[in-house]
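Descriptive structure summary
The primary structure of each chain is shown beneath.
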Amino acid sequence: MAKQNILVIDDDKNIREVVKLYLRKEGYEVSEAADGAIGLDLFFGKPYDLVLLDIMMPVLDGMETVKRIRAKSNVPVIMLTAKGETFDKVLALELGADDYIVKPFDPKELVARVKAVIRRSTQEERSDILEFPDLSIDMENYQVIYRGKEIQMPPKEIELLHFLAARPNKVFTRDQLLEQVWGFEYFGDSRTVDVHVKRLREKFKEEEPWRIKTVWGVGYKFEV
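Residues numbered from 1 in each chain as written. Predicted model: local features only at pLDDT ≥ 70, side-chain atom pairs only at ≥ 80, totals over all residues. Heavy atoms only, no water.

**Some remarks on the overall build of the protein**
To keep things clear, this is the line we draw: Numbering of helices and strands starts at the N terminus; helices are DSSP runs of H or I of at least 4 residues and strands are runs of E of at least 2. Restricting the calculation to C-alpha atoms gives the radius of gyration, and the globule rule supplies 2.2 Å times the number of residues raised to the power 0.38. In this scheme, a residue with accessible area under 20% of its type's maximum is buried, one over 50% is exposed, and one in between is partly exposed, where area comes from a 1.4 Å probe on protein chains only. The contact rule is simple, with two residues in contact once any of their heavy atoms fall within 4.5 Å.
A count of helical and extended segments in the protein gives eight helices and 12 strands. Taking 224 residues into account, the globule formula puts the C-alpha radius of gyration at 17 Å, and the protein, at 19 Å, falls close to it. By its C-alpha atoms, the protein is 55 × 40 × 30 Å across when sized along the principal axes. Out of the 224 residues in the protein, the part that is buried amounts to 49%. The contacts in the protein between residues at least 6 apart in sequence include a share of 56% that link residues at least 24 apart.

Printed below as a string of structure tokens:
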């Protein structure tokens, strides 16, 4: 099996060295860049399985870098930031980051998060059938099985549920959900998403280990 490639973009050389050391111990190939501009040159020069991206950098910061990555690629991105403000975390997720880690961090935790994000991404690519405790979502047959029984629901509800569940714990704004689930041609507003989420929630029990959670001021996520 070929080694997975990870790109580390951070202006702090010490952090790059520590991250590189721990990831290489786990068998990953690691490339590094000291700013977003160099990082993008590397990123578009060869395929990567994940990008670790600092927010505060010279030349091109992490927010602009992730925007440019997302314009052309769905490769998983984990943001690294010394800031703890909710605004930065929310903005990073809105721009398309898959996860974030606040500095200082435990290198072992970073490795665990890297493995989890890559595993999640691989699962999304591999199957249109999603499995959770007491829940199966089959997009090939537009079928949802809950606690052993098929639940009847309109196609858009199934598509919304599948889109969120295929990206567990990732936050999406209402506009992003309108764009991804309903498409560019849809001229509805954000209340459309709210209504569909409400209908989905009514079909499931509250005590499940997964749920569609409201992230106030942002949107929704499928929390597991």
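So, next bit.
**Topic: the environment of P168**
Turning to its location among the elements, P168 is positioned in the loop between α6 (155-165) and β10 (172-173). Using a relative accessible area of 11% as the deciding quantity, one classes P168 as buried. Taking C-alpha positions, P168 is 23 Å from D106, a pair spaced 62 residues apart along the chain. Among residues more than four places away in sequence, those in contact with P168 are R120, F222 and V224.

**Thoughts on the environment of I6**
As for its position among the elements, I6 is in strand β1 (residues 5-9). When the C-alpha positions of I6 and P76 are compared, they lie 9.9 Å apart, and in sequence the two are 70 residues distant. I6 has contacts with L23, Y28, E29, V30, S31, Y48, L50, L52, V114 and I118, leaving out every residue within four places of it along the chain.

**Here we look at the pairing of strand β12 (residues 219-223)**
Going by this rule: Paired strands, in this sense, are two strands between which DSSP finds at least two bridges.
Judged by how many residues are buried, β12 sits mostly within the fold: five of five residues are covered. Two elements, β10 and β12, share two bridges in a ladder whose sense is antiparallel. Within β12, the residue paired with F172 across the bridge is Y220. The pairing of strand β11 (residues 211-215) with β12 spans five bridges and is antiparallel.

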